[in-house]
Amino acid sequence: MQDAPYLGQALAQRVGEFIQIRRAIHARPELAFEEHETAALVAHKLRGWGYAVTTGVGRTGVVGTLRRGNGRRALGIRADMDALPVPEATGRAWASQRPGLMHACGHDGHTATLLAAARLIAEDVDFSGVLHLIFQPAEEGAGGALAMMADCLFERFPCDAVYALHNMPGIEAGRFCFRTGPAMASSDNVTITLKGRGGHGAFPHQACDSVVAASSIVMALQTVVARNVDPLKTAVVTVGALHAGQANNVIPEEARLELSIRALDEDVRQLVKARILALVDLQARSYGVEAVVDWRDGYAVLVNTAQETALAVDVATGLFGPARVDAQGPMFTASEDFSFMLQKVPGCYLFVGNGAPGTPGGCHVHNPGYDFNDDIIAPAAAFWSRLTAAYLQDA
Ligand SMILES: [Zn+2]
Ligand SMILES: [Zn+2]
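Each chain has its residues counted from 1, running along the sequence as written. In the order they appear in the text, chains get letters beginning with A and ligands get numbers beginning with 1. Note on the predicted model: pLDDT of at least 70 is required for a residue's local features to be given, and 80 or more for side-chain atom pairs to be given and counted; whole-chain, interface and lining totals, by contrast, use all residues. Values reported for side chains reflect all heavy atoms of the structure, with hydrogen atoms and water molecules removed beforehand.

Draft legend 1. Spatial organisation of the coordination of the zinc ion (ligand 2). Water is not part of the atom set, so a site may look incomplete; the donors themselves are N, O and S atoms within 2.8 Å of the metal, or 3.2 Å for Na, K and Ca. All of the protein donors around the zinc ion (ligand 2) are Cys105 (SG), His107 (NE2) and His166 (NE2); their distances to the metal are 2.1 to 2.3 Å. Sequence spacing of the donors to the zinc ion (ligand 2): C-x1-H-x58-H. A spacing of 3.1 Å is found between the zinc ion (ligand 2) and the zinc ion (ligand 1), which share Cys105 as a donor. Separated by 61 residues along the polypeptide, Cys105 in the loop between strand S3 (74–80) and helix H3 (107–124) and His166 in strand S5 (residues 161–169) bring together distant segments of the chain. His166 sits in the buried class, given a relative accessible area of 8%. Segments assigned H or I by DSSP are reported as helices when at least four residues long, segments assigned E as strands when at least two residues long, and all are numbered from the N terminus. With a 1.4 Å probe rolled over the protein chains alone, any residue whose accessible area is under 20% of its type maximum counts as buried; one over 50% counts as exposed, and the rest are partly exposed.

The structure is reproduced here in structure tokens:
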């Protein structure tokens, strides 16, 4: 793939440098809001290529800004930088040197790809306007996008459009997948605590059994998607943890359920929430136990805007041809905090294939055997640079 004509000489000559950077970041993974070394590397490189660099945006975030000409439009491109608490088992020469931590989601690759694009754009791309390269901390659940926005990201660095990409194992390396409209799910975290009255297992009539109530609630929750959500829409209600009791002959006082709730539409998300709250309340009351629900809203539904997605599809098709581009790919029930940026600014979140199933790039993210596929750095960097030229034309 690295001999492909779309690369141009500039990128073809330099891709090795960015593979080395990707592997260096991979070897020294950092968790959410601890991306100090990674952020320092990013800032150092950007400064060297002439970007105005702002560090400490949303704690460990970095923004590199390049202005050219009189164009009034501003484009933001975001990469995430954080790693995961997963012990690496790839056996690669560049494997994590930090026990228990690894770049198991490819954010090392997203960062290196945006750096490759940064250099290419600074040295070889004509544009007129403002380019903000946004290196975000803490995508993995800790809400780094919100931290940057709370630190006035879009007030200090106004953007007319924002874009981001994620690698996608299971899809052929270098294939570009887009989707207009809702593309990824909201993700809410719910803890339900059921408080009954403990007792001896031999005398259930003297107790109030939280385990029976919990079991009934788990089953009742299965009706929310099956019976309340429009069958042409989608939601997920997963009970991922159920904790109660210690011994076979003791009725426990308390039971706890942990739920993950997903939806691809804000109305469905609210419907599911209302149904769960009602079911839990009525079920608990019917068993005589008290239910306390701790509902924590997580990432929002990610919605790509039509015009910005269409431009990105055109850019990818122009570079790689229609056979390597899916203009309207599937939705995913995974979630992404770039959704919050897209609530503020129009834009598009896209996927780049990391490798077909059965190939080294096909191992799924968040798995100890996963590794970012270095072959996609060049096409993805070429895409970012061509998108910049297309969006920031003289106008
Ligand atoms: Zn991840
Ligand atoms: Zn990720």
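Draft legend 2. Main features of the coordination of the zinc ion (ligand 1). Of the protein atoms, only Cys105 (SG), Glu140 (OE), Glu140 (OE) and His366 (NE2) coordinate the zinc ion (ligand 1), at distances of 2.0 to 2.7 Å. Seen from the zinc ion (ligand 1), its four donor atoms lie at angles of 53 to 150°, and the figure they make is irregular. Mapped onto the polypeptide sequence, the residues donating to the zinc ion (ligand 1) form the spacing pattern C-x34-E-x225-H. The exposure class assigned to Cys105 is buried, which follows from its relative accessible area of 6%. Since its relative accessible area comes to 41%, His366 is described here as partly exposed. Angular criteria define each label, namely tetrahedral for four donors with all angles between 85 and 135 degrees, square planar for four and octahedral for six donors with opposite donors over 155 degrees apart and remaining angles between 65 and 115, and irregular for whatever fails these tests.

Draft legend 3. Just the layout of surface pockets, in detail. The way it works is a 1 Å grid over only the protein atoms, where trapped points that fit a 1.4 Å probe form a cavity and open points with protein on both sides within 12 Å along at least five of seven lines form a pocket, and then any residue with an atom within 4 Å of a point lines it. Grid points are joined across faces, edges and corners, and a volume is the space filled by probe spheres set on the points. By volume, the largest pocket is sized at about 570 Å³. Looking at the lining of the largest pocket, the elements that each hand over two or more residues are S5, strand S8 (186–195), strand S10 (235–244), strand S12 (254–263) and strand S16 (347–355). Counting residues per element, the lining of the largest pocket draws most heavily on S5, at four residues. By the convention adopted, Pro, Cys, Tyr, Trp, Phe, Met, Ile, Leu, Val and Ala count as nonpolar, Lys, Arg, Asp and Glu as charged, and the other residues, Gly among them, as polar. Split by residue class, the lining of the largest pocket holds 13 nonpolar, twelve polar and five charged.

Interpretation note: all reported values are geometric properties and have no functional meaning in isolation.
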